[in-house]
Amino acid sequence: MTVMSQEEMMVGIKTVAQGLEALKNELTASNNPSGQNTMQPEEKQSMLQKTLDMTELGLGEAQVSSLVFYYKLKVSIQLATFETLKCL
């Protein structure tokens, strides 16, 4: 198993942020400025399902990124401890 670098993790986090920003923009665009919603019920259902799918994907990516980060941190601490004990 390879451990992600901090740079790779930052790219992943930025990807999640961009996806959530796109989701926000899509939802904002679904309402016209006059406050009247011109979408048909089928379009609304499709938009809501797409929104749910994108949100779940973003949350999943964020969870994986945080788990990988904490795993990498734990391994780094264990390696530092091992190196310290090795020097004694």
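Refer to the structure presented above.
If you're wondering where the values come from, they're calculated on a predicted model, not measured in any experiment.

Colleague: Can you walk me through the overall build of the chain in this structure?
Modeller: Tallying secondary structure elements over the chain gives two helices and zero strands in all. Residue burial in the chain is summarised as follows: out of 88 residues, 10% are buried. The contacts in the chain between residues at least 6 apart in sequence include a share of 73% that link residues at least 24 apart. By element, 63% of the accessible surface of the chain is carried by carbon and sulfur atoms, the whole surface being about 7,200 Å².

Colleague: Just to check I follow, could you spell out the packing of aromatic side chains for this structure?
Modeller: Working definition: an aromatic ring pair is given by the centre-to-centre distance plus the angle between the planes. Taken as a whole and assessed by the stated rule, the structure comprises one aromatic pair. Taking 5.5 Å as the distance between ring centres and 70° as the angle between the ring planes, the aromatic pair formed by F69 and Y70 counts as edge-to-face. Residue Y70 is classed as exposed on the basis of its relative accessible area of 53%.

Colleague: Looking at this model, I keep getting lost on helix α2 (residues 41-87). Mind explaining?
Modeller: Because each turn of an α-helix spans 3.6 residues, side chains separated by three or four positions in sequence point in the same direction. Taking 1.5 Å per residue, 47 residues should reach 69 Å; α2 reaches 69 Å between its end C-alpha atoms and fits that length. Considered for burial, the residues of α2 that qualify are M47, T51, G58 and S65.

Colleague: Please explain a nonpolar patch on the surface as it appears in this structure.
Modeller: On the surface, F69, Y70, L73 and I77 cluster together into a nonpolar patch covering about 400 Å² of accessible area. Summarising the element assignment, L73 is placed in helix α2. Residue L73 is classed as partly exposed on the basis of its relative accessible area, which comes to 39%.

Colleague: Would you mind showing me how to read the environment of G19 here?
Modeller: Here G19 is to be found in helix α1 (residues 6-29). The exposure class assigned to G19 is partly exposed, which follows from its relative accessible area of 30%. G19 sits 36 residues away from T55 along the chain, and the two C-alpha atoms are 8.4 Å apart.

Colleague: Hey, could you run me through the side chain of T51 in this one?
Modeller: Here T51 lies in helix α2. On the accessibility criterion, T51 (12% relative accessible area) is buried. For T51, the residues in contact, after removing those within four places along its chain, are L23 and L27.

About the cut-offs
Residues numbered from 1 in each chain as written. Predicted model: local features only at pLDDT ≥ 70, side-chain atom pairs only at ≥ 80, totals over all residues. Heavy atoms only, no water. Helix = DSSP H or I, 4+ residues; strand = E, 2+ residues; numbered from the N terminus. Buried < 20%, exposed > 50% of the residue type's maximum accessible area, 1.4 Å probe, protein only. Contact = heavy atoms within 4.5 Å. Areas by Shrake-Rupley, 256 points an atom, 1.4 Å probe, with all protein chains shown as cover. Phe/Tyr/Trp six-rings, centres within 6.5 Å; stacked < 30°, edge-to-face > 60°. Expected span 1.5 Å × (residues − 1). Patch = residues over 30% accessible without salt bridge, like charges linked within 9 Å, V, L, I, M, F, W, Y side chains within 5 Å. Salt bridge = Lys/Arg side-chain N within 4 Å of Asp/Glu carboxyl O.

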